[in-house]
Amino acid sequence: MTPVWVKLNIFSTRPNPRWRLGPDQVRELESRIAKLKEIPRKEAPPVFGYRGLVISGLMETGGEVKVFKGTVESETDSFLDPGRNLELWLLGTAGDAIAADIWATVRSEF
Amino acid sequence: MSLLVTMHVYSQRANPSWFLSSAQESRFNELFRGLREQTPLKARGGLPIFGYRGFAVSQIPGSEPSFFVSRGIVDPGSHQASLLDENRSVEAFLLESSGIGLDMDLKGEVDVVLQAPVKKLIELRLGQAAGMPSGCPNANTAADAPSYDPARWNAISAVVGNNNCYNYATNKPLNNYATPGKAGGINITYTSCDGDGPEGPVKGPAEGAVADGLKRTGNFPAKLDKGEGWYVAALLSEKSDDCHWLRQDFSGCWSHKNGEDEVRNVDADGRLITDPRLGNFGKYSIFCRFMIANIKVNIA
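In short, a report on the structure. (Residues numbered from 1 in each chain as written. Chains lettered and ligands numbered in written order. Predicted model: local features only at pLDDT ≥ 70, side-chain atom pairs only at ≥ 80, totals over all residues. Heavy atoms only, no water.)

Digging into the pattern of salt bridges
(1) Moving on: Per the counting criterion, the structure on display carries 20 salt bridges over all chains.
(2) Moving on: We note a salt bridge from E96(B) to K107(B), for which the minimum N-O separation is 3.7 Å. Residue E96(B) is found in helix α2 (residues 89–96), and its partner K107(B) is found in helix α3 (residues 104–113); the two are separated by eleven residues along the sequence.
(3) Moving on: Of the residues examined, K107(B) reaches a relative accessible area of 11% and is grouped as buried.
(4) Moving on: Residues K283(B) and D241(B) are paired through a salt bridge, measuring 3.1 Å at the closest nitrogen-oxygen approach. Of the two residues, K283(B) is situated in the loop between β12 (263–264) and β13 (286–293) and D241(B) in the loop between β9 (230–236) and β10 (243–248); the sequence distance between them amounts to 42 residues. Like D241(B), K283(B) is buried.
(5) Moving on: Residues participating in the shared-partner salt-bridge network are K7(A), R18(A), E64(A) and E260(B). (Salt bridge = Lys/Arg side-chain N within 4 Å of Asp/Glu carboxyl O. Helix = DSSP H or I, 4+ residues; strand = E, 2+ residues; numbered from the N terminus. Buried < 20%, exposed > 50% of the residue type's maximum accessible area, 1.4 Å probe, protein only.)

Concerning the sheet that holds β10(B)
Residue and element names in this part refer to chain B.
(1) Moving on: In spatial order, the strands read β8-β13-β9-β10-β11-β12; together these six strands make up an open sheet with antiparallel pairing. Taken across any chain shown, the strands that pair with only one partner, and hence form the sheet edges, are β8 (215–217) and β12.
(2) Moving on: Bridge count for β8 against β13 is three bridges, and the pairing is antiparallel. In the strand pairing of β13, T217 is matched with F290. (Pairing = 2+ DSSP bridges.)

Quick look at the packing of helix α1 (residues 23–34) of chain A against helix α2 (residues 85–92) of chain A
All names here are of chain A.
(1) Moving on: Two numbers describe how α1 lies on α2: the axes approach to 11 Å, and their chain directions differ by 175°. The angle between α1 and α2 falls in the class roughly antiparallel. Judged by residue contacts, Q25, E28, L29, R32 and I33 of α1 engage N85, L86, W89 and L90 from α2.
(2) Moving on: Class assignment of the residues belonging to the contact of α1 with α2 gives a composition of five nonpolar, two polar and two charged. (Axes fitted to C-alpha atoms, helices over the stretch in contact; angles between N-to-C directions. Parallel < 35°, antiparallel > 145°, perpendicular 65-115°, else oblique. Contact = heavy atoms within 4.5 Å. Nonpolar A, V, L, I, M, F, W, Y, C, P; charged D, E, K, R; others polar.)

Some remarks on the side chain of K7(A)
(1) Moving on: Here K7(A) is to be found in strand β1 (residues 5–8).
(2) Moving on: Not counting chain neighbours up to four residues away, the residues in contact with K7(A) comprise N16(A), P17(A), R18(A), G52(A), L53(A), V54(A), E64(A) and E260(B).

Things to note about the pairing of β1(A)
Regular strands place side chains that alternate from one sheet face to the opposite one.
Residue and element names in this part refer to chain A.
(1) Moving on: Pairing of β1 with strand β2 (residues 18–20) involves three bridges; the strand directions are antiparallel. The residue bridging V6 from the neighbouring strand is W19, located in β2.
(2) Moving on: For β1 and strand β4 (residues 53–56), the ladder comprises four bridges, and the chain directions are antiparallel. The residue bridging W5 from the neighbouring strand is S56, located in β4.

Concerning α1(A)
One turn of the α-helix equals 3.6 residues, which is why residues spaced by three or four share an orientation.
All names here are of chain A.
(1) Moving on: End to end, α1 covers 17 Å across twelve residues, agreeing with the expected 16 Å (1.5 Å per residue, within 8%).
(2) Moving on: Listed in full, the buried residues belonging to α1 are V26, L29, E30 and I33. Summarising the axial view, the buried residues of α1 lie within an arc of 100°, below the 170-degree limit, and thus occupy one face.
(3) Moving on: Against β4 and α2 lie the buried residues of α1. (Expected span 1.5 Å × (residues − 1). Arc of directions from axis to C-beta.)

A word on the nonpolar core
(1) Moving on: Of all hydrophobic cores here, the largest spans 36 residues; its most connected members are Y166(B), L214(B), V232(B), W245(B), W254(B), F281(B) and M291(B).
(2) Moving on: Elements with a minimum of two residues in this core: α7 (165–169), α8 (205–212), β9, β10 and β13 of chain B.
(3) Moving on: No other element matches the seven residues that β9(B) contributes to this core.
(4) Moving on: When neighbours within four sequence positions are excluded, M291(B) is seen to be in contact with A206(B), A209(B), V210(B), L214(B), K215(B), R216(B), T217(B), W230(B), Y231(B), V232(B) and W245(B).
(5) Moving on: Counting 30 residues, the second-largest nonpolar core is a separate cluster that includes W19(A), L21(A), L53(A) and I98(A). (Core = buried A, V, L, I, M, F, W, Y, C linked by side-chain atoms within 4.5 Å.)

Considering the packing of aromatic side chains
(1) Moving on: Inspection of every chain in the model, using the stated rule, returns 15 aromatic pairs over all chains.
(2) Moving on: Judged by centre distance (5.2 Å) and plane angle (85°), the rings of F28(B) and F67(B) are edge-to-face. Remark: F67(B) occurs in strand β5 (residues 67–70) and F28(B) occurs in helix α1 (residues 22–33); sequence separation between them is 39 residues. By the burial criterion, F28(B) is buried, and F67(B) matches it.
(3) Moving on: Geometrically, the ring pair formed by Y166(B) and W245(B) is tilted, given 5.1 Å between the ring centres and 50° between the ring planes. Of the two residues, Y166(B) sits in helix α7 while W245(B) sits in strand β10, which places them 79 residues apart along the sequence. Across this residue pair, the class does not change: Y166(B) and W245(B) are buried.
(4) Moving on: By way of ring pairs, the aromatic residues F220(B), Y231(B), W254(B), F287(B) and F290(B) are connected into one cluster.
(5) Moving on: The ring of F11(A) carries the charged tip of R14(A) above its face, separated from the ring centre by 4.2 Å.
(6) Moving on: Sitting over the face of the ring of F110(A), R84(A) holds its NZ or CZ atom 4.1 Å from the ring centroid. (Phe/Tyr/Trp six-rings, centres within 6.5 Å; stacked < 30°, edge-to-face > 60°. Lys NZ or Arg CZ within 6 Å of the ring centre and 35° of its normal.)

Remember that the coordinates give geometry; whether it matters functionally is a separate question.
Put into structure tokens, the structure is as follows:
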């Protein structure tokens, strides 16, 4: 099984924090994604600072899934994440992968 | 050699697959050749939603599919344009080619999915248009300045994910997520542009860049002749935890790569970047300085 990693997308020069999901967490993630509703894709201006989470290892094609501000995007599709529930759940899987000062920045976004 | 068809429909269970007969293979090629309308959309890379997701057609079992067919798009891979199959004839044909080997209930379910109008699916997925730079001041300032070529940086996910703003500004897609100063043998912090000065122990990102071969300049936008490099700009985060780099393209406007995001030529307000001192870059609100990069710069 391909390992599934989640990355906190927050820096520009510095490497972003990342952590690996356990098998139960991957099943939970797939189940949550399966319930999302498709929406039109929109091109937005770049965001600086915290810009969500990036999941790798989940796609059959090797592509990444981005989760930010109520939207879940693969290379080709966009889905609605009502209440940012998936984003919050993913942040909850980070454990100690995110340092305290970075947590403070992320919390201020909600 | 027969083509192997795999229907992508399950999450945990193995997906059903079958070989095409020679006659079916000829029909598949005939249908493919009959498609005329190109589309920028790809059939690969959809979210792993449960249920029908499309067909992969492979020449050799276990190899990368030669074609992926999904939602009215026939995708022959990253080196060729996808083709629009408005009435989903290729998908319908591939479904039918399964013969009696496919569970009839599943076949019926997919048959219903294939009735969805392609136009509506396409409308859902389209909606992004790339703006070409125009009205850029200081065009052709630097003879060596790279062209704005987002496809070079954005087309392959490994390039997007493994190169940051410093790789982009120095025009080196080395997939090493470079840190200023690392190649030059110094460690930096992000508390200020120049740390605590040339003699102090704390080094900033500009000092790191100098160690890598970039040059400081206070003379932007003086003309740079061939061999003299191109302008880059460093911005510091107001939180003193990071910095952001931009580069001036040959057009005279500026572009950048925000960490592991795609290369863009607009700021946070969606405006073309004509001067990095004036754009909105969110938390990177402290202009650090202009510098000059060149092809001899070494980053790690």
